Amino acid sequence: MKFYKNIIRTFNDLPNHSSLLIHSLIGCNLKCFGCHNYSEIVAKKHPNYYTEAEILKQIAQNGFMFDAVIFSGGEFLIEDLKSLERFLNNLRELFSGHIIINTNGTYPEKIEYLLNHKLVSGFHIDMKLPYHLLDPIKDQDIYQAILGVRLNKRLQEKILTSIEIVVKDNSPYSQIRTVKYPLLTNEFFRETQEYLYHLNLSYHSQVPYHLNDFTYIDSAS
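Residues numbered from 1 in each chain as written. Predicted model: local features only at pLDDT ≥ 70, side-chain atom pairs only at ≥ 80, totals over all residues. Heavy atoms only, no water.

Student: So, the sheet that holds strand β7 (residues 122–126): which residues are in play, and what are the values?
Tutor: Reading across from one edge, β2-β3-β5-β6-β7-β8-β9 is the order of the seven strands in this open sheet, with mixed pairing throughout. This sheet does not close on itself; its edge strands, each paired only once, are β2 (8–10) and β9 (209–213). In this sheet, neighbouring strand axes are inclined to one another by 25 degrees on average, regardless of whether the strands run parallel or antiparallel. Relative to strand β5 (residues 68–72), strand β3 (residues 19–23) is paired through five bridges, and the arrangement is parallel. Within β5, the position partnered with His 23 by the bridge is Ser 72. In this fold helix α3 (residues 81–94) packs onto β5 and β6 (98–103), with an angle of close to 150 degrees to the strand it touches most, β6. (Pairing = 2+ DSSP bridges. Helix = DSSP H or I, 4+ residues; strand = E, 2+ residues; numbered from the N terminus. Axes fitted to C-alpha atoms, helices over the stretch in contact; angles between N-to-C directions. Contact = heavy atoms within 4.5 Å.)

Student: So, the packing of helix α4 (residues 108–116) against helix α6 (residues 153–169): which residues are in play, and what are the values?
Tutor: At a minimum axis separation of 8 Å, α4 and α6 run at an interaxial angle of 20 degrees. In terms of axis orientation, α4 runs roughly parallel to α6. Note on packing geometry: the crossing formed by α4 with α6 is left-handed. Residues Pro 108, Glu 109, Ile 111, Glu 112 and Leu 115 of α4 form the contact with α6, whose participating residues are Lys 158, Thr 161, Ser 162, Ile 165, Val 166 and Asp 169. A breakdown of the residues in the contact of α4 with α6 according to their chemical character gives five nonpolar, two polar and four charged. (Parallel < 35°, antiparallel > 145°, perpendicular 65-115°, else oblique. Left-handed = near helix turned anticlockwise from the far one by under 90°. Nonpolar A, V, L, I, M, F, W, Y, C, P; charged D, E, K, R; others polar.)

Set out below in structure tokens:
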């Protein structure tokens, strides 16, 4: 596993916690509109990077400064499951804090496995669209505008399954979030929020939903 050299300390990604945000260099299976991580991390070549052993060493040496580690990408869960399990087991041996994974939700089987085996504390899933209302054929223009790829029914169902798994698990460290893309009307965000409200009710869960502002990046800088 390879990791981006710029590690970020954040107080915002996990409320009431000091977290270390670490990006993997595995790539991403989406190319979302205006994605900062894609232009800076996924699309660029990185001859210099942290290895898996170096990241574990960084956490071991500095773990007293934070109480959570958040892994992002790209899409961190592209890594094969055996590699993820080995890495997270090694991390658990040296770090007693919370382990969070940011994901677009396209790997529900890995999400379920890691939760069931207590290898993570929670997931932050980006529910970028009200998938439950969109047709994989008729609404391809919306999918391609926001996700940057064609989305078939199978992948749509995988994302919804991931969201349901995380809501059902009801970890206090999980959350679902949506970027307020300027290409979409407020109806998209209201429908997403309503869906998650009722999903929480059905499982007697309290996984929070966050609607995050969209911020532009200057591609010329």
